Amino acid sequence: MKIIMLGAPGAGKGTQAKQIAEKYHIPHISTGDIFRANIKNGTELGKEAKKYMDQGMLVPDELTTNLLVDRIKDADCENGYVLDGFPRTIPQAECLDRALEGLGEKIDFAVNVEVPDENIIRRMSGRRACLSCGATYHIQYNPPKAENVCDACGSQLVLRDDDKAETVKKRLDVYHAQTQPLIDYYTEKGVLAQVDGTQEIDKVFSDIVAILGE
Ligand code: AP5
Ligand code: MG
Ligand code: ZN
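A brief look at the structure comes next. (Residues numbered from 1 in each chain as written. Chains lettered and ligands numbered in written order. Predicted model: local features only at pLDDT ≥ 70, side-chain atom pairs only at ≥ 80, totals over all residues. Heavy atoms only, no water.)

A few words on the side chain of K2. Along the polypeptide, K2 turns up in strand β1 (residues 2–6). Discounting chain neighbours no more than four positions away, the residues touching K2 are G80, Y81, L100, E105, K106, I107, D108 and F109. (Helix = DSSP H or I, 4+ residues; strand = E, 2+ residues; numbered from the N terminus. Contact = heavy atoms within 4.5 Å.)

Surrounding the zinc ion (ligand 3) are the protein donor atoms C130 (SG), C133 (SG), C150 (SG) and C153 (SG), at 2.3 to 2.4 Å. Read in sequence order, the donor residues coordinating the zinc ion (ligand 3) give the pattern C-x2-C-x16-C-x2-C. Since its relative accessible area comes to 38%, C153 is described here as partly exposed. (Donors = N, O, S within 2.8 Å, 3.2 Å for Na, K, Ca; no water. Buried < 20%, exposed > 50% of the residue type's maximum accessible area, 1.4 Å probe, protein only.)

Around ligand 1, the structure places 37 residues, and the nearest of them are T15, M57, R88, R127 and R171. K13 is positioned with one of its backbone polar atoms (N or O) 2.8 Å from an oxygen atom of ligand 1. Residue G14 places a main-chain N or O atom 2.9 Å away from an oxygen atom belonging to ligand 1. Where the shell around ligand 1 is concerned, the elements lending two or more residues are α1 (13–24), α2 (31–40), α6 (117–125), β6 (136–138) and α9 (201–212). Here the shell around ligand 1 gets 4 residues from one element, more than from any other, and that element is α2. When grouped by side-chain class, the residues that make up the shell around ligand 1 number 14 nonpolar, 14 polar and 9 charged. (Near = heavy atom within 4 Å. Polar contact = N/O pair within 3.5 Å; in protein donor to acceptor, adjacent residues only side chain to side chain. Nonpolar A, V, L, I, M, F, W, Y, C, P; charged D, E, K, R; others polar.)

Turning next to the pairing of β1. The buried count for β1 comes to 5 of 5 residues, which makes it a mostly enclosed element. Where burial is concerned, the two faces of β1 agree: the one with K2, I4 and L6 and the one with I3 and M5 are both buried. In this structure, β1 lies alongside strand β3 (residues 81–84), joined through 4 bridges in parallel fashion. In the sheet register, I3 faces β3, and the bridge partner there is V82. Where β1 lies against strand β4 (residues 109–114), 4 bridges are found, and the strand directions are parallel. Of the residues in β4, the one forming a bridge with I4 is A110. (Pairing = 2+ DSSP bridges.)

Moving on: the nonpolar core. Of all hydrophobic cores here, the largest spans 43 residues; its most connected members are M5, I20, L83, L96 and Y186. If near-sequence neighbours (up to four positions away) are discounted, I20 is found in contact with I3, M5, H25, I26, V82, F205, I208 and L212. Counting 6 residues, the second largest nonpolar core, distinct from the first, contains F35, L45, M53 and V59. (Core = buried A, V, L, I, M, F, W, Y, C linked by side-chain atoms within 4.5 Å.)

Read these as geometric descriptors, not functional statements.
As structure tokens, this is what we get:
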């Protein structure tokens, strides 16, 4: 099963993608997590990506697309994957489609997690992220068992550099201008599914499972 998660920054794409990956035994592939891991490890890719991410802008399509298209050819992607944060522009979506065509494959579902902008800023300030395994927490809505420690891998949790209110506003603008058009793109392909992302995390997940099937 090949799934794309769509939605504004902070809509809960990562939170849901993690659970989808576990339930359906497919890898969770987040371009944002890949960039953050590269920044943490001080790679050239990380240095380049950081310039854009810290300003709330998108990393250029060439960098992102090459990385993703390589990743989905890995052996663990044989039975599908859940893409979180990719594609984010129409050119990225077109590149992905071309790559999939070449492999004789297609996207099964594009799940749009809908959350209005007003809710987003409040969520971001309480978010804590694990840069080692990509797990995401919220100090109020989804707290870790031990304060500031990742349940999954035991690493220290951090506030992401791009979660300052000013940067979040910029990311929302970029989302509306560049990523929202993908909703029409995948509607036309007949694979779009909408879920109400303002509900509790578990309810959002059960709505998604109802769409994807047990
Ligand atoms: P990325 O890491 O993808 O960030 P994003 O899209 O801005 O989304 P977030 O990760 O901030 O939010 P999310 O939807 O995953 O929400 P989460 O589950 O954490 O990208 C970061 C940057 O990398 C981009 O700005 C760009 O520069 C670059 N980049 C990445 N991909 C790129 C690409 N393809 N092309 C170009 N550049 C790219 O949830 C948010 C918070 O809310 C958490 O605290 C969570 O616990 C909480 N929460 C979740 N669900 C609920 C709920 N139902 N109720 C209450 N709280 C909830
Ligand atoms: Mg995320
Ligand atoms: Zn972790």
